[in-house]
Structures are given as structure tokens and as C-alpha cells.
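One letter stands for each residue in the lines below.
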Protein chains: 2
Amino acid sequence: MAPIATTAPDIATDTIQAVKAAISAPKPTSTSSHPLDPLSAEEIKAAVSLIQTHVEDIDPEAKIWFKHVTLHEPPKAELVKYLLATRDGSTTAALPREAAALISRTTSAGVKFYEYITSLTSSSVISCEVVADLDHAPLDADEMVAAEEALLNDPEFAKVVEKLRLPEGAVVVADSWPYGCDTVDEVPRLIPMMTYYRTSSDLDSNHYATPLPLIPVMNPATMKLHSVEYTPIYGGESTETIESLWAKEENFPWEKHEAHEYKHELQASIRGGLEPLEVVQKNGPSFKVDGHKVSWQKWELVVGFNYREGLTLHDVRYDGRDVFHRLSISDMTVPYGDPRTPYHRKQAFDLGDVGAGVCANQLDLGCDCLGSIHYFSADMVTSKGDVKRMNNVVCLHEQDEGIGWKHTNFRTGNASVTRSRVLVLQMIITVANYEYIFAWKLDQAANIHLETRATGILSTVAILPGEISPYGTIVNPGVLAPNHQHIFSVRMDPAIGALGEGNTVIQEDSVPMAYDPKNTPKNNPWGVGYTVEKTPMELSGFADAAPHKNRVFKIVNPNRTNPISGRNIGYKLVPQPSQLMLSHPESVGFARAEFADHHIWVTKYKDGELFSGGQYTNQSSGNARGIKSWVARQDNVANDDLVLWHTFGLTHNTRVEDFPVMPCETHTISLKPVDFFTASPAIDVPPSTQAFNKSTLVNGSCGSCR
Amino acid sequence: MAPIATTAPDIATDTIQAVKAAISAPKPTSTSSHPLDPLSAEEIKAAVSLIQTHVEDIDPEAKIWFKHVTLHEPPKAELVKYLLATRDGSTTAALPREAAALISRTTSAGVKFYEYITSLTSSSVISCEVVADLDHAPLDADEMVAAEEALLNDPEFAKVVEKLRLPEGAVVVADSWPYGCDTVDEVPRLIPMMTYYRTSSDLDSNHYATPLPLIPVMNPATMKLHSVEYTPIYGGESTETIESLWAKEENFPWEKHEAHEYKHELQASIRGGLEPLEVVQKNGPSFKVDGHKVSWQKWELVVGFNYREGLTLHDVRYDGRDVFHRLSISDMTVPYGDPRTPYHRKQAFDLGDVGAGVCANQLDLGCDCLGSIHYFSADMVTSKGDVKRMNNVVCLHEQDEGIGWKHTNFRTGNASVTRSRVLVLQMIITVANYEYIFAWKLDQAANIHLETRATGILSTVAILPGEISPYGTIVNPGVLAPNHQHIFSVRMDPAIGALGEGNTVIQEDSVPMAYDPKNTPKNNPWGVGYTVEKTPMELSGFADAAPHKNRVFKIVNPNRTNPISGRNIGYKLVPQPSQLMLSHPESVGFARAEFADHHIWVTKYKDGELFSGGQYTNQSSGNARGIKSWVARQDNVANDDLVLWHTFGLTHNTRVEDFPVMPCETHTISLKPVDFFTASPAIDVPPSTQAFNKSTLVNGSCGSCR
């Protein structure tokens, strides 16, 4: 990275006054403020104004395109000081509010991207750095719409489409996709467009069921067609395209393909027999919300939200004790396994290439969750610098998760049973065809779970009807759904037991003892003994899951001991041992996904190191500015301020059953206390009784219902 | 096994009349009968009567102790014929009803166990075989009570307890445990008793918080004390016991230990703040129950229940198509990792040593599940031959499991979303201190999940306060909870696509293609390609999970092809890659757990091969009559009548948080259709709407709620 610093110019006095007035305006959703509150609409407007003034002073002719304006979180040192000072409920001086922004300036010389940091407290531009040409800014919603419109109005593209001889009334649809790189020095920034058509006049008709065998590529700097790529239309190794067919047979037609709708109104029939199941919370929810602060069943936390990670969790505490400082989904990559050009470039990084916050669904009451729902909304910037309100981007609600714990005394027949109530913070993102549902779940046993659900519509490509392929599954006649991986990277910044104290990550394996049937009884003469092998991580580095060794990773606070067990207090991560990156280590795709070749990474905390694939993933070429460069520092991470990262996901070999919309594929990772408490933290959950739960007997006897 | 056949004697005519009358009596819970219905009370009485008459004729002096009387399922060939004949709803001749029984006969010569098969249809004893001396019958509820009573009345044991100098008013409690073997030829049948004490007068006081350092061993044939074993009372390698301390210091007292209660009424305080969450199904459930036949959301199945496996699922079909013929939890083992004598013998096989059906909880409305609940009850035999009604041993209900599938059209903003409704069949078993919750879950996407929850109270042993141990965790002062494994074996008898046709199991790995950047485009020049490597299992055998290869096991029907994908229809098992048996391959503990050293087993179907650890697990010594002997036949299993078995579980290194009652540790395995359907089977699930779900807005906006 070669950022070029520019000097912040003076800002006109009237602008400063406007900004200050905006900041002091009442915030619509918050009743109390916190340093990690997302930027309010007024704060976004203030930052936009500061940036606009700054650009006008430098180059009045430049056209500004806003990519994002987001909270620049305070340095951890200051934040920790603030949090500790407010632990007992006392107030302390508010931390300065800052906004980070990415914009482009278009002039006659072309397009340049700039990173800004502005102070909303002092109404000033703190820094402005130009983005290197090899760093490609993410896509944004306005750009995707503009690219499609420009493509569909392009006469050269129209000529290509005409040769396909699509059915009467067919409408071409083009989804912007992030672009993989072929080499490490690829410019300019480009947008490949995945193309489809629909014949239905219903705008929600499923165009993914009828893909076209071509990928036009747009140049977003000019919004002109850069090139048209033709895709293989046979299965197997053949790379023959419709263009090469055209060379043999003029205007070889793209066959009429079959519609396959998902929208309920367009389906032939909907199943019956499903009776209502309502979650009724007659006294309302058990949680309390104060601005972005949430408390529930001994848990306290702060809810964050930004354009890139979407939902983040901060200052997570249980029963007044620190557990995690910050939890977030840091990055993800979706590499496709079809090796044929141009498919080899299909590798999305949905968070870095577009942004989970940008793509967040505005959730609907009664559709996305049951029971009593609290929603968090967010304000985002548009490309023009306006504020766009996104309603209900995060839902907060409770769920019943079955029995929490139970024991029956077989002598008396008396059962002690509790149910597990769970607090859910959920975000759903739509990235063109595909959906991800991310839910953080906190339970009464002090466990933290991250549930990921993959759903939505498979990325489909065109294939001649009757063909099959080793690289995917035919999910509709003439439609290949290529196999691919989803690899997530989760960032966990711990504060085990006490914010500000050092933590250590320990790898623990369960290993058989040496067997010696001739040996003395104190060894393992019967061959049944096993022990736990502990390997503390001393320097920043990586490790891998090993379920055959029951491997877990514990984050302990080596400064605090559990009075019952005599061991350090801790939390464990049971890593998901999913398949890692299948791309070859020398490939560009592998280099781009810095987090994707090991399950576990441990780094020393450093401000700003949030995104394990690096700040710029779109069309990235593997310049090693993500987690690999951070672990390479070989920092001390023993009894230190460390960050634990977990890479997990799924290799998704497509099924016919995944079309037209994939049933959720659900995975969960869990953080669980180990010797953190002096007994089960859930032991004092009230009993599960009929008086409380009011179940209904369909048949049978009622037992000893209380 | 060396069974000795005896000749069935004539049965007195009046007994036959009584039996026939009993069989024709109305059955209280069934409205229609099925060949797999569990034995009714009348059928149990009839079988008891047949056996009693049979024994009286041979030896009128013999005292009979009934271990179990259970349905002898019809041979598969006959059952398949019956099921196919009734597919269109037509009736066919009922299959003969048979009961299998295990009893002991005590005479002056000692105790012998006998296996009976009786015909309830022809009121006759079909077979009676004596059980070999090396095969040890399971424990039963009456025997456990009798063993404890005999022990606590034994003057020799009283003398030992006196030396412990327990606190005033202490009551000793003794749990019968199954016994591991030291050698392969161990007789007689013995019952080790895990001992504890309580000082509270409350019978539900948690005696597991105050274990004693001794394991008396009872001989159940005589109900006399066989021996007293003293357990190590230091941590680490020391095998010193309180008996050896007594040699140095007369009457070294067993320190007064601290109570640690779980019963809500005995706890110091119960947390507040939890508001009611009710599941209301105002129109009742969506399922229909007819006797033991259940239908729900295109699923149909028959619910079985027996003394050993507890809940079983039969003839499982989706949308009129066969999926599985029989699903059951076949076996499980819980080996402990403390190598010191006598702990090396701690290895329970809860299903074979006692029985999941025998240990099933009688579920309480509103305590164990929410919503509208249907219960199945069961009749069991007592040791005296009476019928014991067990109410509510299986609950049937629906759950909401979050979003089923969702897609939002980013152009129109229109979301299509469904919720996933799940049908749950749940059984909870209490095995002395510990609980297991087994739930089969069927969903609308045609997936079948088996969820296991481990809860209850850790098996605890005594240790001197202040000591710690490498073999477990101190969970209460003076209480060691040893580390252990829970290894389950699930049996899956498939009928993919068509009952009676052959199936094949295919191991599928996702593997990178060879990378050759210099190669032609049709290969893998960019290094991103991968394919699926398929290895069909031709002969009976085993395989292992390999998550780093994304390994799945598909059961396909090679006689049927999916018209969309062109591949064979199938279901896949995503195996849980949990740690396998840690005991040494030469150990007796390893030999006993025949299923515990590989994740996957495939056998050719054979009547009666239901229990992967063998028919007799209690005090078994590894005589190889379980799954290892069946796969050793090297049967053809390609396009054949095969059974797939999955071994999975957890290595449980204990936490302080697992005491006094362990929060549920939950694991799920799933069977999912792969190219079984021509589209997502869940696509026709009705939309999730506010009108249907009636959620409550706590704050925020309502979106476009319909």
C-alpha cells in the first residue's frame, strides 16, 4: 500500500456551524449514547459535508461518489479506559466521534479513490489518503444498478443478445459480480455481469433459472462495455462456447429454457396442512434495550452495525464479568470449482467486495422471526452523499431452544428441568442471487453461538440441455449450478474475566496414554487412560482443527484461577473442522483468501486490523495485507492483548434440491465457558413448568404437571 | 454363543384360552393396528403366561425373574411384503404377533438366564434357549433397587462405612452400575455400586456432590456383598486409597464435604427476569396420529418403542416415496479415561446394560416440550411378570426452527421467505446420574435429523479436598469428575426410493484437480478446480469421517435416476467427525465396543442384527458378536439390502460448569436428500407472514408485513 497523504484544508466557518448543529440534533432511535453507536443520520451528513467542502477546496470540478461513511471506532486503549470508567454506572467524558469514509473523485484525468477520516467532534478532516491503483474499491448498490442499465443500453451488447434468438418478449437481466484476478498486477477495476433472461412480466420471476452463455464485463469508471466473455456450454472439459458454435453455424440459437419459479404467487401449488404456530410473550420480552445497549438474563452487550461487517457485538459481559470485547464476522470467500475460463475468476468476498451492512435485509415483522421483536435500524450513505435509512437491519428476539438441563431422581421420580431460552441477534444479507443469515445466540449457560445459514438462489450458468458436468449439478434443464465453497472468517477479540488483562490461547488435544500391560498400576495397564495435551500459543500464528483429537482452543486468563478447579478461567472454541480452501497454494485465488487455509489464527491486537482478507478484496490479487501479514510479525500473544480468528464453512456440492431456492444449510460455532464459573451458570434458571409454559395436551396423560 | 435349545412343552388348554381372550381384548391407545406396534399390556400378559406355564412344566420349583418381554419384529421379508401390500391403503392379512423375552430361573442349583420367543397368535412357545454363562444379562430397575437395599443392610459394609466417620445423620446412597471386565472369561455376573451420602432429609438432595471413596460389589445371584473396592483418593498417578490410609492412621476420617444442590427448592436463589414464552397452536397440531402411525407435512412413519432402543422409527416415507425402513439408536458406550483401578472398569453401555426404553422418562406436559403435544406411552414387564404402564415415554410435537428458505429480489425488494417447521419425536432417558435426550426431527425439506443432548449429573468420584487430577476436573471440593467419552451408534436401514430395491453406499470426497499452469485451458491452469471423488462400497466394511475432504456418505438407489441431474437418487449422511475410542486396541474396553473405532459401517441386512455392540454388553468381554463379526462376512452390499451405521459422539473433558447438572451438550447428525427430488422439496411451503405468525413489535417499524 502506498497511501499519499494530502493536507487537510481549512473548512469554511458556516459549514462547521452546520455540522455542529447536526451533531447536537436529537438521535431518533437512541435514548443513551455510547462510543460504539453507529453513525447517526446527522453524523453521516456532517461527515459528508466535511468531505464535500474538502474536495471543493482542492478541485471544485471533481464529481464525488460516496462508497461508505461509517463510524471510525475509537482506539482500543481509549475505549477500554472509557469502558472501565463506566463499569459502575458512573459517567465519564465522551470519546471523540470520528467517521471513516471511502469516496471516488472523478475528474477529466479519471477516477481516484480516497479514504477519509473526519472528526465529528472537532468538525475537521483528520486524514485523506489516495487509494493505490491496485486496490479496487468495493461495489455499491447504486453502481450495480448503473452498470446494469448501461449494459442493457449498450448497442454492441444488444447485437450479441440478438444472435441468441431469445423467445419473444424475453428481458435480459444482468447481475454485477465481483471480479477475480488472473495476475497480481491487474488494473483497471472491472465489473463482470452475470446474465440471464426472463419471459414473465413479473419482475420477481426467477431469471436464475434461465442463464445466458455470456458474461459481459463493464468498466465502471466509464460505465462502458469493456468486453464480452463467452462461457463454456458443454459439460466436462469442453471449453466450447456459443461464440465458437456461431462460427460453425450462423446464429445458433440459445434454446428456450424452462422457467422454474420460487415466488409463491408464481408456483403451481402451495402445500396445505400447516396449522399456525405462534410464539406469544404476553408480558413482553425478557430483554431491555437502551440505545444500542442490550441486557438480558445476566448478559450485557453493545450492538454495533456498519456497512461492511453489518452486525457487530461489543463489550460482551455475563453477570458483571467481561467475556469478549468485540465479536464480528470479519470476512468470507466463495470460490467456485469449475476451472474453465472465465469461471476460474468466480470468487466472491461478499463482505469486502460489497458489504454485509450494505446488503442487509430490512426485516419484516412476523416473516423473519417469531415472538416479540426489537429491531435496530441503520443509516447509510448513498453514492450522492444523501442518507438512506435502512429499517430493521438487525432483529433482537428470544427463542426457546429446548431443554436446558434436566435430571430425574430415579428413586423418587422427581424431575428438575429447565428450558434453554436464547437471545438472538440476527442479520440477513442478500448478495445478488444468494442469502446468508447470521445469528449470534447467547444462552443462559453463558455460551455464545454463531449460527450461519446459507440460503437463496444458487449461482447458475448456462449449459446445453442434456449435458452434465463434473463441476456441478444440473438443477434445471440447461442450467448448471457449479460446486463451490463458502469460507467464513470470524474475529473474536476476547476479554476473558477482565477487560485489559492478558489472555492466552491454548490448543488442547485428548490423547491416549501409553499402554503397557506389564507396567505398574499407576500407569495405564488396562489401556483405557487418556489425558489432555495442552499447547499454549506463544507467538502469533495459526493452527488447524483436529476432531480426531477432540481438539479445542481455549482462551484463558492466566492471571486468574478458578477456586474450585484450580485452573485458569477460560472460554473454549470448538472449531468447526470444515474443509479449507481447495484452490492451489500458488493460485491467485488462494493468495487472495489469506484466512482460508487454516482454521485458527491468533494475532496480537492492533487498531484497524479487522478484515482478515485485507481492506480491499474486490479484484484483489493477493498482496498479503490481511491476516497472513499480521501473524508474520511473530508478536508475543501469551498473556497479551490477542485476537482469535476462526475460519470455517462448507464445501457446497450442489443438489437438485437446492433449486430454485436452497433450503437453509445451517452451521454453528460455539464459545463456551470452561472453569470460568464456580458452577453451572444455568443452574439458577427457573424450572420449566406447565403453569409457565402452558402447553396443550393432544392426547395422553398430563403426568405431574405443575 | 452356545445356546442350548429346549423343547417347548404342551401348554394347558385353559392357559391357552386365557391368552387368546387377552389378545382379543381392546387395546387402549391404538385405533388401528400395525405389525410394528409395541406389545400391548394384554400381549405382555399373554407372553408372561406362556412362559410361566412353560417353566412350571419343566421345573415347578424355579423362581422366575422377568428381564424383558418385547415385540419380536417380523422377519424383514414378510414385513416388506406386508408394507407393499398396504401401500395403496388396502388391507392384507395381519402378520403373526410374537414376543421375545429374557428371564432368569432360580433354582437350588443357581441362576440361569433364558431367551424365549413366544407366538401370541398361536399361543405357543416358539423357542427357549439358555444364555451362555459368559453372556451377562442387563440390569433392570427392580434389581437395582434390590441391590441397594441389600447392600445398605449388609453388616460387613456397615462396618466399612462406620470407619469413614460420616457426619451425624448421613445417609449412604448406592447406585448400581454396569461392570467392565478385566479379562475375556470373567464370571460371575456382578454389580458394582457407586456410593455417596447425603445429609439433607430431602430425598432429592444431590448425593453426587458427596461421593464416598469405595465401590462395594454385589453378587445379584445371591444379593450378597461380593467385595469392597477402595478408590484412589489422591490426584495424578497415586493409587493410594482410604483403606491404605487406615493402615497408617486408624479411622482416618472421610472429610465432611460440601453439599451442592440442583433441585430448585434446595438452591439459595433462582434467577428472575425471565418472562413467559408460550407456543400457541390455536388450531391444534399439523400432524395426524392413528395408533402408532404418524403423518405430517408429506411425511409418514410408524413409531416403535421397546425396552432396549426405546424410540424407533419405521417405514419412513416422504410424499409417498420410501426413504428409510428403520431408524434407531443401536448402542452407545461411555468409557472413562482414569486408568487407575477400579476406575478402569468404568465403561457403560447404557442401551445394552440397562435399556433406553427401561430408563425412559415419563414426560410432563409443559416441562419437556412446548406447544401441542401428543404422547406415546408404553407397557413394560416387571421382574414379577406384571405389566407396568409407562406414561408419556415419547413426545410428538412441532417446533419452529427459524427460516426455512429466503430470497429477496434486490431489484424489487420483494422477499420470499418461509419458516422451517419441524416434527420432533423425543425420548429422554435417565441412567442413574446421567440423562440423554434423543430427538428425531423431520423437516419440510425432507431432511431427517437426529439430535442428541447430554445432560444430567456427571459421574463423580471421591478425592481428598485440595487435590487435582490429570484425569478430570474438580467440580466441587473433594469431588473429581473424570473425563470420559460418549460414543453413540446409530442404525439406518434405508429404502431409498423404493422399499425392496437395492441400495449402494458411496463415499464422496471433494478433491482438488491437478494444477498445471502450463497446461491447456481444458485442465486446471488457474489452480481453482476441484471434483468429487466417488468410492462405492462393494463389500460390507467400514470407513471414517474426513471433514478436511468434505467427505459424505451417500446412499443411492442405483436402479433409479433423477430426471433433472441424470444421477442416481439418494440421501446423504454428513458424518460427525468426532473422536473415536481412545482405549488401546488391545484393551478389553476396546474389544467390548465393537462399533467405536470407525465412524461408518455398512453391513448386509440380516434379521436380528440390531445391536452393534452385540446382544449382551453388560460385563461383556469382547467376544466379537456385534458389528465387527457382521462386516467380517464380506457380504456384497452394492445394489443390495444394506444397513448403514454411524458412530459419533463427544469426548467430554469435564468443566466446573457441568456441575451440579450439566447444561445440555447438543449434537446433530443429518440425513439429507441428494438428487432424490426434482426440485427443493420445501419450495411449496407456504410463505411466512405476519397474518399467520402474529409476531409482536417491541420497537422499530413494521416493514411490509402481510
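Since we're looking at a predicted model, the values are computed, not measured.

About the thresholds
Residues numbered from 1 in each chain as written. Chains lettered and ligands numbered in written order. Predicted model: local features only at pLDDT ≥ 70, side-chain atom pairs only at ≥ 80, totals over all residues. Heavy atoms only, no water. Helix = DSSP H or I, 4+ residues; strand = E, 2+ residues; numbered from the N terminus. Buried < 20%, exposed > 50% of the residue type's maximum accessible area, 1.4 Å probe, protein only. Contact = heavy atoms within 4.5 Å. Areas by Shrake-Rupley, 256 points an atom, 1.4 Å probe, with all protein chains shown as cover. Pairing = 2+ DSSP bridges. Least-squares fit on C-alpha atoms with pLDDT ≥ 70 in both. Salt bridge = Lys/Arg side-chain N within 4 Å of Asp/Glu carboxyl O. Polar contact = N/O pair within 3.5 Å; in protein donor to acceptor, adjacent residues only side chain to side chain. Nonpolar A, V, L, I, M, F, W, Y, C, P; charged D, E, K, R; others polar. Domains from an automatic or database assignment. Buried area = accessible area lost by both parts, 1.4 Å probe. Axes fitted to C-alpha atoms, helices over the stretch in contact; angles between N-to-C directions. Phe/Tyr/Trp six-rings, centres within 6.5 Å; stacked < 30°, edge-to-face > 60°. Arc of directions from axis to C-beta. UniProt positions renumbered as here; feature names shortened; annotations may be inferred. Lys, Arg positive; Asp, Glu negative; His and termini not counted.

The number of helices and strands found in chain A is ten helices and 34 strands. For chain A, the spread of C-alpha atoms along the three principal axes comes to 85 × 70 × 60 Å. Within the span of chain A, comprising 706 residues, buried residues form 65% of the whole. In chain A, 68% of the contacts between residues at least 6 apart in sequence involve partners at least 24 apart. Counting only carbon and sulfur atoms, one obtains 52% of the accessible surface of chain A, whose full area is about 23600 Å².

This brings us to the sheet that holds strand β22 (residues 461–462) of chain B. Residue and element names in this part refer to chain B. Reading across the sheet, the three strands line up as β22-β24-β23 and stay open at both edges, with antiparallel pairing between neighbours. Two strands bound the open sheet, and with one partner strand each, they are β22 and β23 (472–476). Pairing of β22 with strand β24 (residues 479–482) involves two bridges; the strand directions are antiparallel. Residue pairing across strands places Val461 opposite Leu480, the latter belonging to β24.

Moving on to the environment of Leu164 of chain A. All names here are of chain A. Structurally, Leu164 is set in the loop between α5 (155–163) and β6 (171–176). For Leu164, a relative accessible area of 0% gives the class buried. It is 7.1 Å that separates the C-alpha atoms of Leu164 and Phe252, two residues lying 88 residues apart in sequence. Those residues in contact with Leu164, other than ones at most four positions away along the chain, are Leu212, Pro213, Leu214, Ile242, Trp246, Pro253 and Trp254.

It is worth spelling out the relation of the copies chain B and chain A at this point. In this structure, two copies of a chain are linked by a rotation about an axis accompanied by a shift along it. When chain B is fitted to chain A, the residual RMSD is 0.0 Å, and the transformation amounts to a turn of 180° plus an axial shift of 0.0 Å. In short, the pair behaves as if placed about a two-fold rotation axis. The position closest to the rotation axis in chain B is occupied by the C-alpha of Val279 of chain B, lying 2.4 Å away. A high fraction, 100%, of the interface residues of chain B reappear at the interface in chain A, so the copies pair face to face through one surface.

Moving on, we get to the interface of chain B and chain A. Each partner contributes to the interface: chain B provides 187 residues, whereas chain A provides 188 residues. Note that Glu148 of chain A and Arg411 of chain B form a salt bridge whose closest N and O atoms lie 2.9 Å from each other. Counting across the interface, chain B meets chain A through 121 residue pairs in polar contact (both at pLDDT 80 or more). Ranked by the residues each element gives to the side of chain B that touches chain A, the list is headed by strand β18 (residues 387–408) of chain B, at 13 residues. Here the side of chain B that touches chain A is composed, by residue class, of 73 nonpolar, 78 polar and 36 charged. As paired strands, strand β10 (residues 278–280) of chain A and strand β10 (residues 278–280) of chain B are joined by three bridges and run antiparallel to one another.

The next point concerns the domain arrangement of chain A. All names here are of chain A. Its domain assignment divides chain A into domain 1 (4–130), domain 2 (141–266) and domain 3 (288–690). Taken over C-alpha atoms, the centre of domain 1 sits 30 Å from the centre of domain 3. At the junction of the two partners, domain 1 supplies 32 residues and domain 3 supplies 33 residues. Note on domain 1 versus domain 3: buried area summed over both sides is about 2600 Å², and carbon and sulfur give 57% of it.

Here we take up the sheet that holds strand β30 (residues 568–574) of chain B. Strands pair in a sheet through their backbones, by hydrogen bonds, and they do so in one of two ways: parallel or antiparallel. Spatial ordering of the open sheet is given by β34(A)-β17(B)-β18(B)-β19(B)-β20(B)-β21(B)-β33(B)-β30(B)-β29(B)-β26(B)-β27(B), a layout of eleven strands whose pairing is mixed. Strands at the two margins of the open sheet, each flanked by one partner only, are β34 (696–699) of chain A together with β27 (530–536) of chain B. Neighbour-to-neighbour, the strand axes of the sheet open up by a mean angle of 30°, direction not taken into account. Note: strand β19 (residues 415–431) of chain B against strand β20 (residues 434–443) of chain B, ten bridges, orientation antiparallel. Residue Gln426 of chain B lies in a different strand from β20 of chain B, and its bridge partner there is Ala439 of chain B. Here helix α2 (residues 41–58) of chain B sits on the sheet in contact with β17 (372–381) and β18 of chain B, set at roughly 10° to β17 of chain B.

This brings us to the pattern of salt bridges. On inspection of all chains with the given rule, the structure shows 86 salt bridges over all chains. Linking Lys441 of chain A and Glu401 of chain A is a salt bridge whose minimum nitrogen-to-oxygen distance equals 3.1 Å. Linking Lys441 of chain A in strand β20 (residues 434–443) with Glu401 of chain A in strand β18 (residues 387–408), this pair joins segments that are 40 residues apart in sequence. Given a relative accessible area of 8%, Lys441 of chain A falls into the buried group. Here Arg551 of chain B ties to Asp509 of chain B by a salt bridge, and the two come within 2.8 Å at their closest N and O atoms. Taken together, the residues Arg551 of chain B in the loop between β28 (541–543) and β29 (552–561) and Asp509 of chain B in strand β26 (residues 504–512) connect sequence positions 42 residues apart. As far as the burial class goes, Arg551 of chain B and Asp509 of chain B line up, both buried. One network of salt bridges, in which partners are shared, links Arg87, Glu300, Asp315, Arg317 and Asp322 of chain A.

On to the environment of Val334 of chain A, then. All names here are of chain A. The topology assignment puts Val334 in strand β15 (residues 321–335). Sequence separation between Val334 and His652 is 318 residues, and the spatial gap between their C-alpha atoms is 9.8 Å. Leaving out residues up to four positions away in the same chain, Val334 has contacts with Lys346, Gln347, Ala348, Asp350, Tyr436, His484, Gln485 and His486.

Attention now moves to the side chain of His397 of chain A. All names here are of chain A. Note that His397 resides in strand β18. With relative accessibility at 2%, the residue His397 sits in the buried group. If we skip the residues at most four places from it in the chain, His397 touches Phe287, Cys369, Leu370, Ser372, Ile373, Val422, Leu423 and Val424.

Before going further, it helps to examine the packing of aromatic side chains. Each pair of aromatic rings is reported with the distance of its centres and the angle of its planes. Under the definition given, this model contains 32 aromatic pairs over all chains. On the basis of an interplanar angle of 65° and a centroid distance of 5.2 Å, the ring pair of Tyr434 of chain A and Tyr436 of chain A is categorised as edge-to-face. As far as burial versus exposure is concerned, Tyr434 of chain A and Tyr436 of chain A are alike and both buried. Pairing Tyr230 of chain B with Trp246 of chain B gives two aromatic rings, centres 6.0 Å apart and planes at 80°, and the pair type is edge-to-face. Here the residue Tyr230 of chain B occupies a position in strand β9 (residues 224–230), and Trp246 of chain B occupies one in helix α6 (residues 242–248), the gap between them amounting to 16 residues.

Moving on: the pairing of strand β5 (residues 124–130) of chain B. Residues and elements named next belong to chain B. Both strand β4 (residues 110–119) and β5 contribute to a ladder of six bridges, which runs antiparallel. Residue pairing across strands places Thr118 opposite Val125, the latter belonging to β5. Counted between consecutive antiparallel strands, the loop separating β4 from β5 contains four residues, among which Ser123 sits at a positive phi close to 50°.

All names here are of chain B. For helix α3 (residues 76–85), the full list of buried residues reads Lys76, Leu79, Val80, Tyr82 and Leu83. Take α3 and look down its axis: the buried residues cluster within an arc of 165°, on one side only. Seen from the buried face of α3, the exposed residues on the opposite side, beyond 90 degrees, are Ala77 and Lys81. Those residues of α3 that are buried are in contact with β14 (310–318), β15 (321–335) and β25 (484–497).

Quick look at the UniProt feature "modified residue: 2',4',5'-topaquinone" (unreviewed entry) in chain A now. All names here are of chain A. Listed under "modified residue: 2',4',5'-topaquinone" (unreviewed entry) in the UniProt record, and renumbered for this structure, are Tyr434. Relative to the elements of secondary structure, Tyr434 occurs in strand β20. Overall, the relative accessible area of 6% leaves Tyr434 in the buried class. In contact with Tyr434, other than residues within four places in its own chain, are Ile429, Ala454, Thr455, Gly456, Ile457, Leu458, His486, His652 and Met662.

Our next topic: the side chain of Arg308 of chain A. Residue and element names in this part refer to chain A. Along the chain, Arg308 falls in the loop between β13 (299–306) and β14 (310–318). No salt bridge is formed by the buried Arg308; its nearest oppositely charged neighbour, Asp331, is found at 4.5 Å. Not counting chain neighbours up to four residues away, the residues in contact with Arg308 comprise Leu351, Gly352, Gly355, Ala356, Gly357, Phe611, Gly614, Gln615 and Thr617.

All names here are of chain A. Among the structural elements, Arg326 can be located in strand β15. Classification of Arg326 as buried rests on a relative accessible area of 4%. Considering only alpha carbons, one finds Arg326 and Ser578, 252 residues apart in sequence, at a separation of 24 Å. Every residue in contact with Arg326, bar those within four places of it in the chain, is listed here: Glu73, Asn306, Glu309, Thr312, Leu313, His314, Arg491, Met492, Asp493 and Leu610. A distance of 2.6 Å separates polar atoms of two side chains, one belonging to Arg326 and the other to Glu73. Looking at Arg326, its side chain comes within polar contact range of the side chain of Glu309, at 2.9 Å.

Residue and element names in this part refer to chain A. Here the bond from Thr341 into Pro342 is cis, since omega is 5°, no more than 30 degrees from zero. Checked against the element boundaries, Pro342 lands in the loop between β15 and β16 (347–348). The omega torsion across Phe659 and Pro660 is 0°, close enough to zero to call that bond cis. Looking at the element boundaries, Pro660 is found in the loop between β32 (642–652) and β33 (662–674).

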